[in-house]
Amino acid sequence: MLRCWSVAGKLILFGVMVGEAWAVEKTNVGFETPPNPHPSGLIETTGLGQTSLQRGVQHRSTQSTTSEPELHHGGSGQADEITQATQLFDEGCLLLQQETDEAWQAAIEKFEAAIPLWQAQGETLNKGMTHYWAGFAYFKLGLGQDALGHYDQTILIFESLAQHLTGEELKQAQIWQAATLDSIGAVYHHLLEQEQQALEPYNQALVLYRAVGDQRKEANILANIGRISYDWGEEPQALAFYNQALVLYRAVGDQSKEAAILANIGRTYYDWGDKQRALAFYLQTVPLLETIGAQEREAQTLASIGSIYFELGEKQQALAFFEQALPLFEALGNPGETAQIWGNIGGVYAHLGEWQQALAFFTPALHLSHTAGDQNREATVLHNMGSVYVELGEPQRALEFYNQALSLQTLTGDRPQAARTLYTMAQTLNGLGEKQQALEFYGRALPLYEVTGDRSRAAQTLYNMGSISYELGDKERTLAVLNQALPLYQSVETCLVDACLEEDKHHQQIGEADTLTGIGRVYYDLDENQRALEFLQLALPLYQVAGDRSKEAQALNNIGLVYVALEENQQALEVYNQALSLRREVGNQQGEAQVLNNIGLVYVQLGDKHQALEFYSQALMLFQVVGDQDKAAQTRQQINALYLELGI
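A short tour of the structure in this document, coming up. Note that this is a predicted model, so its numbers are computed, not measured.

**Concerning the packing of helix α3 (residues 101-120) against helix α4 (residues 124-140)**
Between α3 and α4, the least distance of the axes is 9 Å, while the angle of their chain directions is 160 degrees. In terms of orientation, α3 and α4 fall into the roughly antiparallel class. When the axes of α3 and α4 are compared, the crossing they make is left-handed. Residues Trp104, Ile108, Phe111, Glu112, Ala114, Ile115, Trp118 and Gln119 of α3 form the contact with α4, whose participating residues are Asn126, Lys127, Thr130, His131, Trp133, Ala134, Phe136, Ala137, Tyr138 and Lys140.

Shown next, in the form of C-alpha cells:
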C-alpha cells in the first residue's frame, strides 16, 4: 500500500517508492493467442523506520553543501511555513492513495506548493523527498519528462547529502538514490520507450541496491535489464539477467516474483525456439502460483503449457492442461478468456479428428465470445466450426459458418483473418467443383494478403489460382498467375535464415519448386520444350534441398518426358532411372509403374522392342497390384502391339 506522511516540526517519514519488477509474464503462447498487454510496473512501498538519518539530517539540512540557498527564519514565521509545507505534503500523500488521474494531478499541486516552502526553510531532505513524490505522481499520469524533472532534483539532493554521511545514515541516503534512479530508469523504459537511456540509471541503481544489501530490489533491476535484452532480441543476455534475478527472488522468498521470472525465462526460451526448455520453466511456475493463490496467473500459465504441448504435437498433454485451466477461468468469471480455453480444447479435438467433440467445445466458445463482445474470437470460432463441417462432409454448412466469420472480420477490419477465411472458402468451393467461384474467392483473398504483407500466402493463393486455371484449360492465365507467384516465393527471405522453422523453409522451397514445375508443365503442353526443360530443371534442386524424395522423383520423371519430346532418349533414360530408384525408395508403386511404362516407351523409340516388353511387363504387374485398371489396360495394349510387331 502506498504510504507517506509527515511529522509536524520534524523530518518527513515515509516509505521509499521503487520500480517493481516490470517484466511481464507472457501467457497463452499457443494458437489463438491474445495480444500481450503493455508492460506495467508494480511499484512497491517499503516503509522505513525513523532512523538516525531522518533524525540527524534534520540538523544537517540547514548546513547543506548543495548550491541551493539555505534560508533560515526565526520565530513563528518559520514554524508556520514548516507547518504549511507539512500540511501540503500530508494532503498530497492522502491524494496519492486514491490512485485516480484527478487525485494524481491534485497531489502534484500540493507537492509543488510545498517544495518552495521547504527550500525557504532550508529543509533540503524534505524537499528532495517531496520532489520524489511529485515525480511519482507525474509518472502515474504518463508524463515522463515532468517526472524526470522532479526525479533529477531528488538525485542531486541525495547525492549531495550522501557525501557527508556514514554508517546507517549513508545507507538510508543510498536507498533513496537507488529508488530514484530505479524510477528514472522506469520512465525511460516504459513511458518514453528509450531503453538505451534506461540502462544507465538501472545499472547505477543496481550498484546501490547491492551496496545496501537489498536483494529484492536488486532482483527487480536485474529483471528490468533482462527485459530490455529480451526486447532487443538478445536472448542469451536476457536469460543471464533473469537467472540472476531468479536466485535472488528465491533467496528472499518472494514466490510471486519467482513465478514471474520463471515465466519470463520460459517465454525467452520459447521465442528462441527451445520449446522443451520453455515448458520446463513454465511447469515450475504452477505450484508456486497455486501456493500463493494467484488463480488468474495459474490459469494463464496452464493455458500456456497446454499451447506448447499442442505445438510439440503432444495433443493429449495439451488437452490435460487446457482442461485444468478451464475451471479456473470459469471461476474468475471472464467470458473472453473462458471462451479461448473452450476454443483451444475444441481445436485439440479437431486435430485429433474427433469432430463431434470439437463441435461440443466450439459451441460454448462461440456463445461466450458473443457474450464478451469479442467479435474477433467469435469469428475465429465460426471459422473453426466451418472447418469441422468440411471434415464431416458438409461443405455447404461449412460455407454458412465461413460467411458468418467473414462478415465479422469485415466489420472489425481484421484483414489477415478475412483473407484466411476467403482462402478457405475458395478451397471449399474448389472441392465442390465450383471452379469459377473458387477463383473469385481466391481473387478476393489475394489483395488482402498483399496489403498485409503476407507474401507467402499471396504466393500460395496465386499458385492455387494457376492450378484451377490450368484445369479450366486457360493456359495463358495459368502462366500469368504462376509468374506472379514465383517472385513472391523467391522473396520470402524469412524462411531462408537459420532461425526460421524447418517446416516453414520446407513449405517455401516446395512452393517455389511447384510453381516452377507448373510453368514448365504449361510450356510442355505448348510444345515449347526447351523452355519447359529450363523451368523443370530449376525445380529439381529445390525438391532435393527440401528433402522431398517423392517430388524429386516426380520432377525427374517430368524432365524425362521433355527429353523424350526433344528426342534425347539417352538423357531421358538416365533421369527415368533416377526417378525409378527414388520411387522404389519411398515405396510408391503407382509412381514406379508409371516410370517403368515411360522407360518402355523410350526403348520403343530406340527400336529395342524386347527391352520395351520387359519394362512394360513390370509396369503391368504393378498397375495390377495397386488396382489401377485403366493404366493396366493401356499397358496391356502396348504389350499386345509389340507382340504383333515382333510376330509373337
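Once the structure has been displayed, the description carries forward.
**Section: the side chain of Glu552**
Tracing the backbone shows Glu552 in helix α24 (residues 549-565). Glu552 gets classed as buried once you look at its relative accessible area, which sits at 8%.

**Quick look at the packing of aromatic side chains**
Tallying each qualifying case throughout the model produces 17 aromatic pairs. Taking the centre distance of 6.5 Å and the plane angle of 70 degrees together, the rings of Tyr423 and Tyr449 count as edge-to-face. Placement of the pair is Tyr423 in helix α18 (residues 415-431) and Tyr449 in helix α19 (residues 435-451), with a sequence separation of 26 residues. When its relative accessible area of 11% is taken as the criterion, Tyr423 is described as buried. Assessed through its relative accessible area of 4%, Tyr449 is described here as buried. Feature note: the residues Trp104, Tyr132, Trp133, Phe136, Tyr151, Phe158 and Trp176 constitute an aromatic cluster, connected by ring pairs. Over the ring of Phe310 we find Lys315; its NZ or CZ atom is 5.3 Å from the centre of that ring.

**Focus: the pattern of salt bridges**
Going through the model one piece at a time under the given rule, you end up with 16 salt bridges. In this structure, the salt-bridge partner of Glu91 is Lys110, at a minimum N-O distance of 2.9 Å. On the criterion of sequence distance, the pair formed by Glu91 in helix α2 (residues 75-96) and Lys110 in helix α3 is long-range, its members being 19 residues apart. When its relative accessible area of 26% is taken as the criterion, Lys110 is described as partly exposed. Measuring nitrogen to oxygen at the nearest pair gives 3.0 Å for the salt bridge that ties Asp374 to Arg377.

**Digging into the environment of Ala365**
Here Ala365 is to be found in helix α15 (residues 355-371). When the C-alpha positions of Ala365 and Gln340 are compared, they lie 6.8 Å apart, and in sequence the two are 25 residues distant. Every residue in contact with Ala365, bar those within four places of it in the chain, is listed here: Ala339, Trp342, Gly343 and Val381.

**Examining the nonpolar core**
In this structure, Leu96, Phe111, Trp133, Tyr151, Ile341 and Ile345 are the most contacted members of the largest nonpolar core, which totals 137 residues. When residues in this core are grouped by element, the largest group, 9 residues, is from α4. Counting 49 residues, the second largest nonpolar core, distinct from the first, contains Leu482, Tyr576, Val595 and Leu642.

Rules used in this analysis
- Residues numbered from 1 in each chain as written.
- Predicted model: local features only at pLDDT ≥ 70, side-chain atom pairs only at ≥ 80, totals over all residues.
- Heavy atoms only, no water.
- Axes fitted to C-alpha atoms, helices over the stretch in contact; angles between N-to-C directions.
- Helix = DSSP H or I, 4+ residues; strand = E, 2+ residues; numbered from the N terminus.
- Parallel < 35°, antiparallel > 145°, perpendicular 65-115°, else oblique.
- Left-handed = near helix turned anticlockwise from the far one by under 90°.
- Contact = heavy atoms within 4.5 Å.
- Buried < 20%, exposed > 50% of the residue type's maximum accessible area, 1.4 Å probe, protein only.
- Phe/Tyr/Trp six-rings, centres within 6.5 Å; stacked < 30°, edge-to-face > 60°.
- Lys NZ or Arg CZ within 6 Å of the ring centre and 35° of its normal.
- Salt bridge = Lys/Arg side-chain N within 4 Å of Asp/Glu carboxyl O.
- Core = buried A, V, L, I, M, F, W, Y, C linked by side-chain atoms within 4.5 Å.

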